[in-house]
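Here's the letter readout for the chains.
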Amino acid sequence: MPWYILATIIFALDQASKAVVLAELAYAVPINVFFWFDFTLHYNRGAAFSFLSDAGGWQRWLFTALASIVSLVLVVWLRRVPKDQWSLALGLALVLGGAVGNLVDRIRLGYVVDFISVHYGSWYFPTFNVADAAISVGAFFIIVDSFQSREGSAS
């Protein structure tokens, strides 16, 4: 149960941050925080790194369906994780919270709200959000778990 609570906290933080950004920021106008970091409102109609963002609209429903299926799989998988696999459970909870956060955006708005902009000079990493960060960190923990040895596993 604590892992579902963590997923809910990630979802709530993501949605709250997006609500503030939508209320306070003008589209594509950066608010400088550090020389390498801005808050800049962007709408992502595609997937990661704006993949298929200009596909004409059908991608909204494809990504909505995929995120729904993945979220359901994560809910079931998280329920079945053994108690000693905390890094896997942590990773799954982070990915679940982030996936649902972006799914809600896609259903409600038709796009995902991104606003965290990291850059160096003229090089810009694609703008992202709290959900994306949680998904990335969660994926890291899932990968870490996959390298941990298990009793009774093949050598």
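Report follows, based on the coordinates. (Residues numbered from 1 in each chain as written. Predicted model: local features only at pLDDT ≥ 70, side-chain atom pairs only at ≥ 80, totals over all residues. Heavy atoms only, no water.)

Let us now look at the overall build of the chain. A count of helices and strands for the chain gives four helices and four strands. When its helices and strands are written in sequence order, the chain yields α-β-β-α-α-β-β-α. A buried classification covers 37% of the 155 residues belonging to the chain. Considering only residue pairs separated by 6 or more positions, the chain has 63% of its internal contacts joining residues 24 or more positions apart. Taken as a whole, the chain presents about 9300 Å² of accessible surface, with 70% of it coming from carbon and sulfur. (Helix = DSSP H or I, 4+ residues; strand = E, 2+ residues; numbered from the N terminus. Buried < 20%, exposed > 50% of the residue type's maximum accessible area, 1.4 Å probe, protein only. Contact = heavy atoms within 4.5 Å. Areas by Shrake-Rupley, 256 points an atom, 1.4 Å probe, with all protein chains shown as cover.)

Here helix α4 (residues 130-147) contains 18 residues, and its C-alpha end-to-end distance of 26 Å stays within 8% of the 26 Å for a straight helix at 1.5 Å per residue. Within the span of α4, buried status applies to A131, A134, G138, F141 and D145. Mapping the buried residues of α4 onto a view down its axis gives an arc of 85°, with all of them on the same face. In α4, the exposed positions angled more than 90 degrees off the buried face are occupied by F140, S146 and F147. At the N-terminal boundary of α4, the capping side chain belongs to N129, with an oxygen 2.9 Å from the backbone nitrogen of A131. (Expected span 1.5 Å × (residues − 1). Arc of directions from axis to C-beta. Polar contact = N/O pair within 3.5 Å; in protein donor to acceptor, adjacent residues only side chain to side chain.)

Right, let's get into the environment of V144. Topologically, V144 is positioned in helix α4. Sequence spacing of V144 and L88 is 56 residues, and the spatial spacing of their C-alpha atoms is 8.0 Å.

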